[in-house]
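Structural features, examined
As a plain string of letters, each chain reads:
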Amino acid sequence: MSKLIYMDNAATTQVYPEVLDTMIPYFTEHYGNPSAIYSFAGEAKRGVDHARETIANVIGAKTEEIYFTGGGSESDNWALKATAEAYANKGKHIITTTIEHHAILHTAQWLEKKGYEITYVNVDEDGKVKLDELEAAIRPDTILISVMAANNEIGTIQPLKEIGAIARKHGVLFHTDAVQAFAHIPINVDEMNIDMLSASGHKINGPKGIGVMYIRKGVKILSFIHGGAQERQRRAGTHNVPGIVGIGKAAEISVANMEKNNAYEISLRDHLIERVLSEIPYSRLNGHRTDRLPNNANFCFRFIEGESMLILLDQAGICGSSGSACTSGSLDPSHVLLAIGLPHEIAHGSLRLTISEKTTMEDIDYTVDTLKKIIERLRSMSPLYEDFVRKNGK
């Protein structure tokens, strides 16, 4: 492929060279097991400790409240399943939303089969959780509220501080899936009354296969992975030292450059949105216009089938997606787009473009120019579009 424009950074990101450089010695030189007591393991342990401190500083937590996992999905599973088990005597009711990542939704469905009751709170047309509905759903037996920090498909940022205040007011634990938001936008667990938080390395230019679980001191959830005393006896398994060091370095770099990168990405994102909405007929932006992740633009195009659009974009060297990478291959429209009120036939024509600080204005313009041609071509083959034009005289 002669040209490559990567615009699927919500799915995964390129590892920063500095992150890889930081990781390599822990494969080749400092390869000791950090749980060992001999001095050779000391360098590995220091690498883990430094990463833990870095991660804690990013979200305003204490170092002893940070646990390393195998990824965001494991952290989400841990939050829901371990809370359900630990607080079952108080109640078996959990609240989440209709637009969560499947790591939350499928775990919630699994818990329903185990006798737990789940309330799925609705969102408005921009994808923001309805706070009045959320508070009204709380019952005496509610043990947990889990709401994502920012949606992985449409980019809408949730009012975490307000949700945390509601949870704290009613004595309910609050977990947030912050996989898309961590080190991209400011999060402070104390100011937002967050009791548990999930994050992942490969969304912030770190390695895949490493995640973070923040658990506020005093939250009584138990281990999710059994078999060893690692992570203060809460997460068994030999530490993935290179991955841990990598996510720590990636978080450090991301936070240091957050303000500059966000301003740059917002300028590109807004240019992309403005060009698409003004130049491509029957297009719409999904998600909140301003309260959205700096790098996210999600559109629907009427009379278009999303998979065909992605194939043609790929042939032009452009990487995009129709939604979450975790649902690729599914013929069903996005549950997120259905939750914000879009009909099936429009939700099928979705496109998510997520940029990075390496994306250029030339990349954006090439993408829009290419997209215009693709949509025009696909609509020319659509009998639905032909009928629409005939009936509306356009």
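Presented here is a report on the structure given in the accompanying data block. In this text the structure is predicted, and so the values were computed from the model without any measurement.

Of all hydrophobic cores here, the largest spans 53 residues; its most connected members are Ile 59, Ile 66, Phe 68, Ile 145, Phe 182, Ile 194 and Leu 197. Every element with two or more residues in this core is listed here: α1 (17-23), α3 (42-59), β2 (66-69), α7 (160-169), β7 (196-200), β8 (211-215) and α9 (241-256). With residues near it in sequence (within four places) discarded, Ile 194 still touches Leu 160, Phe 174, Thr 176, Ile 187, Val 189, Tyr 214 and Arg 216. The next biggest cluster of nonpolar side chains, apart from the first, holds 26 residues, and it includes Met 7, Val 276, Ala 316 and Leu 351.

The subject of this paragraph is empty space enclosed by the protein. Tallied over the entire structure, the rule returns one cavity of 30 Å³ or more. In this structure, the largest cavity is lined by 21 residues; those nearest its centre are His 184, Lys 203, Asn 205, Glu 265 and Glu 357. Residues belonging to the lining of the largest cavity are distributed by class as follows: eight nonpolar, 10 polar and three charged.

For helix α11 (residues 306-315), the full list of buried residues reads Gly 306, Met 309, Leu 312 and Leu 313. What you see down the axis of α11 is that its buried residues fit within an arc of 130 degrees, all on one side. Of the surrounding secondary structure, the elements contacted by the buried residues of α11 are β10 (296-301), β11 (318-319), β12 (350-354) and α14 (361-380). The N-terminus of α11 is capped by Glu 305, whose side-chain oxygen sits 3.1 Å from the backbone nitrogen of Glu 307.

Each value, and the rule that gives it
Residue numbers here run from 1 along each chain, matching the order of that chain's written sequence. For this predicted model, a pLDDT threshold of at least 70 governs which residues receive local features, and a threshold of 80 or more governs which side-chain atom pairs are given and counted, while totals over whole chains, interfaces and linings are taken from all residues. Side-chain measures were taken over the full set of non-hydrogen atoms in the model, leaving aside hydrogen atoms and water. For this analysis, a nonpolar core means a set of buried residues of the types Ala, Val, Leu, Ile, Met, Phe, Trp, Tyr and Cys, connected via side-chain atoms within 4.5 Å. Categorising residues by exposure relies on relative accessible area from a 1.4 Å probe, with only protein chains included: less than 20% of the type maximum marks a residue as buried, more than 50% marks it as exposed, and the intermediate range marks it as partly exposed. Segments assigned H or I by DSSP are reported as helices when at least four residues long, segments assigned E as strands when at least two residues long, and all are numbered from the N terminus. We call two residues contacting when some pair of their heavy atoms lies within 4.5 Å. A cavity, in this analysis, means grid points on a 1 Å lattice covering only the protein atoms where a 1.4 Å probe fits yet has no way out; a pocket is instead an open set bounded by protein on both sides within 12 Å along at least five of seven lines, and a residue lines either one if it has an atom within 4 Å of a point. Grid points are joined across faces, edges and corners, and a volume is the space filled by probe spheres set on the points. Polarity classes work like this: nonpolar for Ala, Val, Leu, Ile, Met, Phe, Trp, Tyr, Cys and Pro, charged for Asp, Glu, Lys and Arg, and polar for all others, with Gly in that last group. To be clear, the arc concerns the directions from the helix axis to the C-beta atoms. For this analysis, a polar contact is any N or O atom pair within 3.5 Å, provided that within protein one partner can donate a hydrogen and the other can accept it, and provided that sequence-adjacent residues contribute only side-chain to side-chain pairs.

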